[in-house]
Amino acid sequence: MKRRGELVLMGTWLFSVIGAGQNLVWQDSVVLLRFRNPIDPGVTLVKFRFTQELEYSFTLSNMLFLNWSQGNGSNQAAVLHHFKYRSKLNHSGNLSISASFNHILGIQCFFDSISRFQPDDNTLDTRIEIRLRKNVTFSVLSNLTTRIFNAWDYSSDQTGNLIRTLNSSFLTPLLCTFSAGVGWTFPGWGTINLGMSAGKFTLVRNSAVYDEMGVTEFFGVPKDRKFLFEYGMTLHLLIDRNFLNRVQWNCDVLIFKNYEMPVDLVLKNLVGIRINKFLRTTIQTRFFYEEETSKNFQVENLVTVGFYFLL
C-alpha cells in the first residue's frame, strides 16, 4: 500500500512537470518557470516573445536606342535589389528590443561609358523601449548608415577624356546617430521620439577622398582627423502603415540638431503597392540636408516594378 502511494505521488509529480514543460516554448514565446513544490506546475517569471520579418525585391530594366535624335540616347541597363530584415524581442509589453537592417543596392551600366553602384544605402536601426505609461516609453535609439562600394563623380577634360573623382566609399563616411529620450506610440501608425540627449559620430576611413575632391573638410571632418563627434538633440518620426493589405507606407524622418550648428535632416519615404503575391511596384524618395556637405536640399526619387516576397 505504501509503494502504491509512492507511485501515485511520483506519477502526479511527473505529469505536472511534463505539463509545465510543454509551456516553455509556445507560439514564438519563451516562458521561464519556478517550481514551488513537486506537484506545483510553476509560476511564470519572465515571458518573452520574438518576431521577425524578411522582405526582398529584385528589379531589372534596360534601355536601347536606335537612330535616336533626341538627346544622347545612351544605352543602359540597371539592376536593383532591396533587402530588409526586422526583428523584435518583447517582454509582456513593458520592454522591447528591436533591430532593422535595410540594404538597397543598384547597378547601372552605360554601355558606351561607365558602370556605377547607385543607390548604395545600408542602414542599421536599433531601439530599446521601456514603457512608462500607455503609449509613452523611455527610448534608446541608434541609427548607423554607410555605403559599401566606391562612388565617383564623372567629368570630361579639354580633350574629351573621361575623368572620375572619388566622392565616397565604404565607411567614408560612416554616420552614427544615437539618442536617449521619450517616445510616443500611435497604434496602427508608428512612433515619434524626442532624443533629449543625443550624439552624432562621423567617421572617414579613406582619407584619399580629401585629395580627390580637393577639400579640407568632408562631412564636417577636418582633413587631419579621422572622425567627428557632435552633441545635441534628435527628433525621430517613424511611420509604418498598411492600407487594404496592398499598399504599404513607410516614412522615416531623422532630425539632428547640434547646439552650435544648423539642423541635419534625413527623410526616407517608401510607398509599396503589391500587384500580386510576387510582383510589387515601389516609389522611393530620399531627402537630405546637411550644411557641411551642401547648402542645397538633395532629393533622390526611384520608381521600380519587380519580383518581391515577404517572409
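In case you missed it, the structure is sitting above this.
The paragraphs below set out a description of the structure included in this document. Quick caveat, the model's predicted, so the values are computed rather than measured.

### Focus: the side chain of Asp-125
Part 1 of the argument: Within the fold, Asp-125 resides in strand 6 (residues 115-133).
Part 2 of the argument: For the buried Asp-125, no salt bridge is present, and the opposite-charge side chain at shortest range is Lys-268, 6.5 Å distant.
Part 3 of the argument: A distance of 2.5 Å separates the side chain of Asp-125 from the side chain of Asn-143, its partner in a polar contact.

### Quick look at the pairing of strand 7 (residues 136-146)
Part 1 of the argument: Pairing of strand 6 with strand 7, which is carried by 11 bridges, proceeds in the antiparallel orientation. Looking at the pairing, Arg-131 lines up with Thr-137 of strand 7.
Part 2 of the argument: Count of turn residues in the strand 6/strand 7 antiparallel hairpin: two residues, of which Asn-135 carries a positive phi of about 65°.
Part 3 of the argument: Note that strand 7 and strand 10 (residues 174-186) share 10 bridges and pair antiparallel.

### Focus: the pattern of salt bridges
Part 1 of the argument: If you walk through the whole model with that rule in mind, you get 11 salt bridges.
Part 2 of the argument: Put simply, Asp-121 and Arg-286 hold a salt bridge, and the shortest N to O gap is 3.4 Å. Residue Asp-121 is found in strand 6, and its partner Arg-286 is found in strand 17 (residues 279-290); the two are separated by 165 residues along the sequence.
Part 3 of the argument: Among the salt bridges present, the one from Glu-129 reaches Arg-127, with a minimum N-O distance of 3.2 Å. The two residues Glu-129 and Arg-127 agree in class, both being buried.

### What to know about the packing of aromatic side chains
Part 1 of the argument: Per the counting criterion, the structure on display carries 12 aromatic pairs.
Part 2 of the argument: Here Trp-189 and Trp-249 contribute two aromatic rings whose centre-to-centre distance is 6.4 Å and whose plane-to-plane angle is 85°, an arrangement assigned as edge-to-face. Of this pair, Trp-189 sits in the loop between strand 10 and strand 11 (190-203) while Trp-249 sits in strand 15 (residues 247-258); the two residues are 60 residues apart in sequence, bridging distant segments of the chain.
Part 3 of the argument: Owing to a relative accessible area of 41%, Trp-189 belongs among the partly exposed residues under this scheme.
Part 4 of the argument: Members of the aromatic cluster, connected to one another through ring pairs, are Trp-189, Phe-243 and Trp-249.
Part 5 of the argument: Lying over the aromatic face of Trp-152, Arg-164 brings its terminal NZ or CZ to 3.9 Å of the ring centre.
Part 6 of the argument: Sitting above the plane of the Phe-227 ring, Arg-225 keeps its charged end 5.6 Å from the centroid.

Rules used in this analysis
- Residues numbered from 1 in each chain as written.
- Predicted model: local features only at pLDDT ≥ 70, side-chain atom pairs only at ≥ 80, totals over all residues.
- Heavy atoms only, no water.
- Helix = DSSP H or I, 4+ residues; strand = E, 2+ residues; numbered from the N terminus.
- Buried < 20%, exposed > 50% of the residue type's maximum accessible area, 1.4 Å probe, protein only.
- Lys, Arg positive; Asp, Glu negative; His and termini not counted.
- Salt bridge = Lys/Arg side-chain N within 4 Å of Asp/Glu carboxyl O.
- Polar contact = N/O pair within 3.5 Å; in protein donor to acceptor, adjacent residues only side chain to side chain.
- Pairing = 2+ DSSP bridges.
- Phe/Tyr/Trp six-rings, centres within 6.5 Å; stacked < 30°, edge-to-face > 60°.
- Lys NZ or Arg CZ within 6 Å of the ring centre and 35° of its normal.

Just distances and angles here, no functional claims.
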